[in-house]
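# Residue-level structure breakdown
Listed here are the chains, written in short residue letters.
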Amino acid sequence: MIVVKDLVRQFKSGDRTIKPVNGVSFELEKGSLASIVGKSGSGKSTLLSLLGALDKPTSGDVVVDGVSLAGLPDSKLTEYRRRDIGFVFQQFNLIPNLRAVDNVMLPMEFAGVRKAARLKRAKELLEQVQLDPEKQSRRINRLSGGEQQRVAIARALANEPKLILADEPTGNLDEQTGEHIIELLSSLSRDHNTTILVVTHDRSLAQKTERCFRLQQGRLTEEVKSGLHR
Amino acid sequence: MSVLARSVGNAFRNKIRTAAVVAVLAVAIGLALAMLVANQAVGAKVQELNASVGTTLTVNPAGGQGFEGGGEPLTAAQAQTVASVTNVTSVVGTKALRLQTATAETSTTQQGGGFGPGGQQASVTTNLTAAIDAGTLGNRNGSATNTGGTGTTQRVRTLPIAATGIGAEVDSAGKALDITSGTGLGDYTTAQAKALVGTTLAQKNNLTAGSTFTIQDKTFTVAGIFDAGTAFGNNAVYVTLPEAQTLAATPDELSTMIVTVNSMENVDSTKTAVQSALGTSKADVTQGQRNLETAVSSLDSVKNISLVAFIAALATAGLIILLIMVMLVRERRREIGVLKAIGARNRTIGLQFVLESLVLVALGSVVGAAIASLASGGIASALISSNTSTTAAPTTQRGGGFGGGGFAGGGFAGGGQGGPFGGASQLLTSVSASASPGVIAAGIAAVFAVAIIGALVPALLTARIRPIEVLRGE
């Protein structure tokens, strides 16, 4: 279970203080699939990075399965990201000179998974996100945007995280592949009890999540429940 | 893909840049290694010089050096006196003999006697044939002796063989004998019918270890063959000191004493003390160190210069690596942020960049080692010649101070550059700077250590920041 308590993140910009996340509180049950919608610059990505321990809040706390992130040292936060979090970045953030399969293997390497096991799992994951087998051995910079996005999703799933944070996971995908990815995320949530939080502009994707939040001027409001059937 | 494979791959991301980096590193590493090789070579030479003669004094009978020497012979009692002088670590007595065939011996006697320090070289007969031809110099010197001779029989142009009784396994200058076959004489303090024979003399007389020959009609067995490194030095025989004294019928008499002092710094004071202990009218004490002082001093300068140059070149290589890694790390801040975001530890990121820099350094070291192996000799020579041109000349003039008297026909006696330690310039040019694997390995290890620090610092500094700061900053 994830509990977000009065989370605030502020930045200084000249004389001004900006608060992209301003007193956000919510709870997500384990295995739930939720989405956050909002305009560009509304603080969606900042909130996601706070939940994923990529950034530290100015105040407030995130508690994951009873563990407060605010009290953890950097080494523990690294361990949390490695073991409990799967990130799908809006810009994919893949390592360009590595092959697709190597990118997916990276989080497993950091987690100490043996080479043969991580290679097997990386290939399985790339198949799940429907990346052609012949493209699995291609370098990232020789893949299209949609293909890179699928590799990024596969990488996020590599260590079977408790929480997947996805920033526009279907933004670069065609409708059919996007549908497939949504189905994949739904099945992970349903079958593996993985909590999934998606930031999206895609109303159809947001409609398919159990809960949908709207972030506006740093504050979060929950919208009417979507009609996703588990 | 392991962190090592990833690092190797990263090192070749931009091949042109990698080639340029490797070339620059190779020059710096090559220079550093060449300086290290030069430093080691010169250091070894200094050590060798100090060990061989730098701390050695030679004691001759007063007035006993040169062609027309005189004075009283040294005695075993005097050797004991010298041994008790402070800072003296050992005293080795020698007894010089001149071996000639029976015919030549007769002729020489008719010509007026032998040469050497104070006429100390007792002439004894042998069945050995000298390995050196008399040549022009020998014949000229042989003729010159007639002026003081009493006989009328014209000369026999056969050079004598140098035989020396020794109290330890060293040559007449105190340097350890290089025995190339057979064994030494064992106990040098007792008389025994065994001898060490020089290589050329052994060849001339078909001698090997176990062969026999005679001195004064006494049969000697060849225990070993030695190589003195010179034609003159190899036309020689060594027997134990008591044996030589017995052959010369001068028990307790010594031709020279080789005195070893405990350190180079104490040579001057010990020389004075020995001279004082023996009396100026009884013995002349000469100092091998003097011949080499300037040479060693010059070599020390070269050693220091090469050490400073090595450190400077190493620092340059380290700076190059540091700047390159700072550039690479800045260029790949986003990648570091991503690696952190997906759970890489700081040390994993640091290790990746260290390995990447080591790949570059390894390539630079291979090329640099090749450069060093080709250039180290030239660099060492250039350093030596530029640092010794003003100092080598006077030392050359002072060369040849060793060796208590000599035979006709060229040898120790000359005051010029013919002596075994004559000429500092010869010593200087004899420094051979070869790139030994051990020195190269030590140099490369130093470069690798610098590279690790150069790569680790920027990588860890970047890895310590929050991932979002790097990812947002792009």
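Residues numbered from 1 in each chain as written. Chains lettered and ligands numbered in written order. Predicted model: local features only at pLDDT ≥ 70, side-chain atom pairs only at ≥ 80, totals over all residues. Heavy atoms only, no water.

### Some remarks on the packing of helix α3 (residues 100-110) of chain A against helix α4 (residues 115-128) of chain A
All names here are of chain A. The N-to-C vectors of α3 and α4 enclose an angle of 125 degrees; their axes lie 9 Å apart at closest approach. Classified by the angle their axes make, α3 and α4 are oblique. Judged by the sense of rotation from one axis to the other, the crossing of α3 with α4 is right-handed. On the side of α3, the interface is formed by Ala100, Val101, Val104, Met105, Met108 and Glu109, while α4 contributes Lys115, Arg118, Leu119, Arg121, Ala122, Lys123, Leu125 and Leu126. (Axes fitted to C-alpha atoms, helices over the stretch in contact; angles between N-to-C directions. Helix = DSSP H or I, 4+ residues; strand = E, 2+ residues; numbered from the N terminus. Parallel < 35°, antiparallel > 145°, perpendicular 65-115°, else oblique. Left-handed = near helix turned anticlockwise from the far one by under 90°. Contact = heavy atoms within 4.5 Å.)

### Structural notes on the interface of chain B and chain A
Reports of interface size often rely on the accessible area that becomes lost once the parts have come together. Counting residues at the interface gives 24 residues for chain B and 25 residues for chain A. Both sides together, the interface formed by chain B and chain A hides about 2,200 Å², and carbon and sulfur atoms give 56% of it. Counting across the chain B and chain A interface gives two salt bridges. With a shortest N-O distance of 3.2 Å, B:Arg466 and A:Asp55 are connected by a salt bridge. There are eight residue pairs in polar contact (both at pLDDT 80 or more) connecting chain B and chain A. Of all the secondary-structure elements, those providing two or more residues to the side of chain B that touches chain A are α1 (3-11), α11 (333-341) and α16 (467-473) of chain B. It is α11(B) that provides the largest number of residues to the side of chain B that touches chain A, a total of six residues. Split into classes, the residues belonging to the side of chain B that touches chain A amount to 10 nonpolar, five polar and nine charged. (Buried area = accessible area lost by both parts, 1.4 Å probe. Salt bridge = Lys/Arg side-chain N within 4 Å of Asp/Glu carboxyl O. Polar contact = N/O pair within 3.5 Å; in protein donor to acceptor, adjacent residues only side chain to side chain. Nonpolar A, V, L, I, M, F, W, Y, C, P; charged D, E, K, R; others polar.)

### Some details on the environment of B:Ile321
Residues and elements named next belong to chain B. You can see Ile321 is positioned in helix α10 (residues 288-331). You can call Ile321 buried: its relative accessible area is 2%. A sequence separation of 36 residues divides Ile321 from Ser357, and the C-alpha atoms of the two residues are 7.2 Å apart. The contact partners of Ile321, leaving out residues within four places of it in the chain, are Leu25, Ser357, Val361 and Ala451. (Buried < 20%, exposed > 50% of the residue type's maximum accessible area, 1.4 Å probe, protein only.)

### What about the pattern of salt bridges?
For the structure on display, the rule yields 22 salt bridges over all chains. A:Asp84 serves as the salt-bridge partner of A:Lys162, at 3.9 Å between the closest nitrogen and oxygen. With A:Lys162 in the loop between α5 (145-157) and β7 (163-167) and A:Asp84 in helix α2 (residues 74-84), this pair connects stretches of sequence that are 78 residues apart. Across the pair B:Lys95 and B:Glu253 runs a salt bridge, and its minimum N-O distance is 3.6 Å. Here the residue B:Lys95 occupies a position in strand β3 (residues 88-100), and B:Glu253 occupies one in strand β11 (residues 253-254), the gap between them amounting to 158 residues. The network of salt bridges with common partners includes A:Asp65, A:Lys76, A:Glu79, A:Arg83, A:Asp84 and A:Lys162.

### Observations regarding a nonpolar patch on the surface
Residue and element names in this part refer to chain B. A cluster of nonpolar side chains, contributed by Leu4, Val8, Phe12 and Leu363, occupies part of the molecular surface with about 300 Å² of accessible area. Secondary-structure assignment places Leu4 in helix α1. Look at Leu4 and you get partly exposed, because its relative accessible area is 47%. (Patch = residues over 30% accessible without salt bridge, like charges linked within 9 Å, V, L, I, M, F, W, Y side chains within 5 Å. Areas by Shrake-Rupley, 256 points an atom, 1.4 Å probe, with all protein chains shown as cover.)

### Structural notes on the nonpolar core
Side chains of nonpolar character tend, in soluble globular proteins, to be buried together. Ranked by size, the top nonpolar core spans 87 residues in total, and within it A:Val24, A:Phe26, A:Leu47 and A:Leu197 carry the most contacts. For this core, the leading source of residues is helix α2 (residues 15-54) of chain B, giving 13 residues. Beyond its immediate sequence surroundings of up to four residues, A:Phe26 is in contact with A:Ile2, A:Val3, A:Val4, A:Leu47, A:Leu51, A:Leu197, A:Phe213 and A:Leu220. Counting residues in each nonpolar core, the second largest holds 34 residues, with A:Val101, A:Leu126, A:Leu173 and A:Leu185 among its members. (Core = buried A, V, L, I, M, F, W, Y, C linked by side-chain atoms within 4.5 Å.)

### Points about unusual backbone geometry
Phi is positive for A:Phe92, which is not a glycine, with a value near 70 degrees. In this structure, A:Phe92 sits in the loop between β6 (85-88) and α3. Residue classification places A:Phe92 among the buried positions, given a relative accessible area of 10%. Positive phi is not limited to glycine here, since B:Ala249 has a value of about 55 degrees. The residue B:Ala249 is located in the loop between α8 (241-247) and β11 in this model. Residue B:Ala249 is classed as exposed on the basis of its relative accessible area of 60%.

### Considerations on the sheet that holds strand β10 (residues 219-222) of chain A
Each strand in a sheet pairs with its neighbour through backbone hydrogen bonds, running either in the same direction (parallel) or in the opposite one (antiparallel). All names here are of chain A. Strand order in this open sheet of six strands is β6-β7-β8-β3-β9-β10, and the pairing throughout is mixed. Every other strand in the sheet has two partners, leaving β6 and β10 as the edge strands with one partner each. Adjacent strand axes in the sheet meet at a mean angle of 20 degrees when their direction is disregarded. As paired elements, β6 and β7 share four bridges and run parallel to each other. From the neighbouring strand, Val88 faces β7, where its bridge partner is Ala166. In this fold helix α1 (residues 44-51) packs onto β3 (33-37), β6, β7, β8 (195-199), β9 (211-216) and β10, with an angle of close to 155 degrees to the strand it touches most, β7. Against the sheet, α5 touches β6 and β7, its axis set at about 175 degrees to β6. (Pairing = 2+ DSSP bridges.)

### Some points on the sheet that holds strand β2 (residues 16-28) of chain A
Residues and elements named next belong to chain A. Read from one edge of the open sheet, four strands run β2-β1-β4-β5, paired in antiparallel fashion. Looking at strand neighbours, the two that pair on one side only are β2 and β5 (67-68), the edges of this open sheet. Here strand β1 (residues 2-13) runs beside strand β4 (residues 59-64); their pairing, made up of five bridges, is antiparallel. Within β4, the position partnered with Ile2 by the bridge is Val64. The strands touched by α1 are β1, β2 and β4; relative to β2, the strand with the most contacts, the crossing angle is about 60 degrees.

### Some words on the packing of aromatic side chains
When we look at a pair of aromatic rings, we describe it by the centre distance and by the angle of the planes. All names here are of chain A. One pass over the structure, following the stated rule, counts four aromatic pairs over all chains. Between Phe26 and Phe213 the ring centres are 5.1 Å apart and the planes differ by 45 degrees, which places this aromatic pair in the tilted class. Residue Phe26 is found in strand β2, and its partner Phe213 is found in strand β9; the two are separated by 187 residues along the sequence. Consider the rings of Phe87 and Phe89, whose centres lie 4.9 Å apart with planes at 10 degrees: the pair is stacked. (Phe/Tyr/Trp six-rings, centres within 6.5 Å; stacked < 30°, edge-to-face > 60°.)

### A closer look at the confidence of the model for chain B
All names here are of chain B. Here chain B averages 76 in pLDDT, while 73% of its residues score no lower than 70. Residue range residues 146-152 is modelled with pLDDT below 50. Its contacts to residues more than four positions away, or to other chains, number nine contacts. Here residues 389-426 scores under 50 on pLDDT; set against residues more than four positions off or in separate chains, the count is 78 contacts. (pLDDT = per-residue confidence, 0-100.)

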